[in-house]
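Examining the three-dimensional arrangement
This is what each chain is made of:
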Amino acid sequence: MSGSEVLVYSTGDLLAAACAARLVTRIVDLQAAKGSASVVLTGGGTGIAILEQLNRSPARDAIDWARLDVYWGDERFVPADSDERNEKQAREALLDHVPVDPARVHPMAPSDGEFGDDPDAAAAAYAGVLAANARPEDHGDVPTFDILLLGMGPEGHTASIFPESPAAYEHERSVVAVRNCPKPPPTRVSLTFPAIRQATEVWLATTGEAKAGAVALALAGAGEVQLPVAGARGQRRTLWLLDRAAAGELGKVYQPPHV
Ligand SMILES: O=C(O)[C@H](O)[C@@H](O)[C@H](O)[C@H](O)COP(=O)(O)O
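Here the structure is a predicted model, which is why all the values come from computation and not from measurement.

Our focus in this paragraph is the overall build of the chain. The number of helices and strands found in the chain is seven helices and nine strands. Since a compact globule built from 259 residues should have a radius of gyration of about 18 Å, the 17 Å found for the chain is in line with a globular shape. For the chain, the spread of C-alpha atoms along the principal axes amounts to about 50 × 40 × 35 Å. Looking at the chain as a whole, 47% of its 259 residues qualify as buried.

Structural data, given as structure tokens:
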């Protein structure tokens, strides 16, 4: 995966804290430069831990929260009040504790929302939200997200794009419904590769020995259909944030700059 930067941290907690610090700095710089910033959040333990660390950061309110656009890379298609919801977890970890502008926070629909139990309708609606927020300079129907956060699974899924799944072959639509996911819950809504690759920067944050093989394969150039995380690239930057365990197999194929 050419052009990837890899940062390795001694523990997952340090990774989450360091990623939170990076987010503060990057968002503050973006807001100073262009008056606003946009981030795409992810679910999963590492993604939520980053938000929890950001909420605890002494520099948290250096961010102008009212000028931050918040999207999600994927969502579990469950009722709004389900603890499985990425949105609910993100709100509890961070968003409910900072003065975001509700009009600039864009969750994906729940299974008991206006689209009922129809994940295809929820996906189409989110594609419409992205299109409505895209500007002419974005050259399409997806905003150029400033920072897109992702996690990954041991078999190489990212967002809710799983190996050899229909979503891994999707290159037209920006958002799709995902069914029969190996990682519960089984039904989700997810950005596709074209939407993910619209981001200026993609930050992949993962921890644990179970991910080490997929990390090494992705950085060695595996294909995105068999290993979707290999397809998660930013237009200008793809940054991998790993703990030592997740970087454990890199020695065989990749020598990251250890920090
Ligand atoms: O909704 C989800 O489940 C996530 O978007 C998913 O892609 C997650 O980021 C990875 O499965 C990693 O999860 P962990 O960090 O918990 O291993």
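One open sheet accounts for three strands, arranged E4-E7-E6; its pairing is antiparallel. Of all the strands in the sheet, the pair left with one neighbour each is strand E4 (74–76) and strand E6 (175–178). The sheet shows a mean angle of 15° between the axes of neighbouring strands, taken without regard to direction. Inspection of the sheet shows E4 paired to strand E7 (residues 188–191) by three bridges, in the antiparallel sense. Its bridge partner lying in E7, Arg-76 is registered against Arg-188. Running over the sheet, helix H4 (residues 119–133) touches E6 and E7 and is turned about 160° from E6.

Looking at the ligand, there are 16 residues lining it, with Gly-43, Gly-44, Gly-45, Thr-46 and Gly-151 nearest. Looking at the shell around the ligand, the elements with two or more residues in it are helix H2 (45–56) and E4. By residue number, the principal contributor to the shell around the ligand is H2, which donates three residues. Here the shell around the ligand is built from residues that sort into two nonpolar, eleven polar and three charged.

Along its 23 residues, helix H1 (residues 12–34) runs 32 Å from first to last C-alpha, staying within 8% of the 33 Å computed at 1.5 Å per residue. Once H1 ends, the next one or two residues include Gly-35, with phi positive near 85°.

Time to look at the environment of Arg-236. Tracing the backbone shows Arg-236 in the loop between helix H6 (212–219) and strand E9 (237–243). Note: C-alpha distance between Arg-236 and Ser-4 (232 residues apart in sequence) is 9.9 Å. In this structure, Arg-236 is in contact with Thr-200 and Glu-201, ignoring residues within four places of it in sequence.

The next subject is the confidence of the model for the chain. Confidence in the prediction for the chain averages 96 pLDDT; 96% of positions are at 70 or higher. The complex model carries a pTM of 0.97, and its ipTM stands at 0.98.

Between H1 and H2, the least distance of the axes is 8 Å, while the angle of their chain directions is 60°. On the basis of their axis angle, the class for H1 and H2 is oblique. You can see that H1 and H2 cross each other, and the crossing is right-handed. Note on element contacts: H2 touches H1 through Thr-46, Ala-49, Ile-50, Gln-53 and Leu-54, opposite Gly-12, Ala-16, Ala-17, Cys-19, Ala-20, Leu-23 and Val-24. The residue makeup of the contact of H1 with H2, split by class, is nine nonpolar, three polar and no charged.

What follows covers the nonpolar core. In this structure, Leu-149 and Leu-204 are the most contacted members of the largest nonpolar core, which totals 77 residues. Among the elements that take part in this core, H1 stands out by supplying seven residues, more than any other. Sequence-distant contacts of Leu-149, that is, excluding residues within four places in its chain, are made with Val-39, Val-40, Leu-41, Thr-42, Gly-47, Ile-50, Trp-203 and Ala-205.

This paragraph deals with H2. Helical geometry: 3.6 residues make up each α-helical turn, so side chains three or four residues apart lie on a common side. Across its twelve residues, H2 extends 17 Å between first and last C-alpha, which sits within 8% of the 16 Å expected from 1.5 Å per residue. Of the residues making up H2, those classed as buried are Thr-46, Gly-47, Ile-48, Ala-49, Ile-50, Leu-51, Gln-53 and Leu-54. Where H2 is buried, its residues contact H1, strand E2 (37–41), helix H3 (86–93), strand E5 (147–150) and strand E8 (201–206).

What counts, and at which threshold
- Residues numbered from 1 in each chain as written.
- Predicted model: local features only at pLDDT ≥ 70, side-chain atom pairs only at ≥ 80, totals over all residues.
- Helix = DSSP H or I, 4+ residues; strand = E, 2+ residues; numbered from the N terminus.
- Rg over C-alpha atoms; globule rule 2.2 N^0.38 Å.
- Buried ≥ 20, exposed ≤ 12 C-beta atoms within 10 Å, placed from the backbone.
- Pairing = 2+ DSSP bridges.
- Axes fitted to C-alpha atoms, helices over the stretch in contact; angles between N-to-C directions.
- Contact = placed C-beta atoms within 7 Å.
- Near = placed C-beta within 6 Å.
- Nonpolar A, V, L, I, M, F, W, Y, C, P; charged D, E, K, R; others polar.
- Expected span 1.5 Å × (residues − 1).
- pLDDT = per-residue confidence, 0-100.
- Parallel < 35°, antiparallel > 145°, perpendicular 65-115°, else oblique.
- Left-handed = near helix turned anticlockwise from the far one by under 90°.
- Core = buried A, V, L, I, M, F, W, Y, C linked by C-beta atoms within 7 Å.

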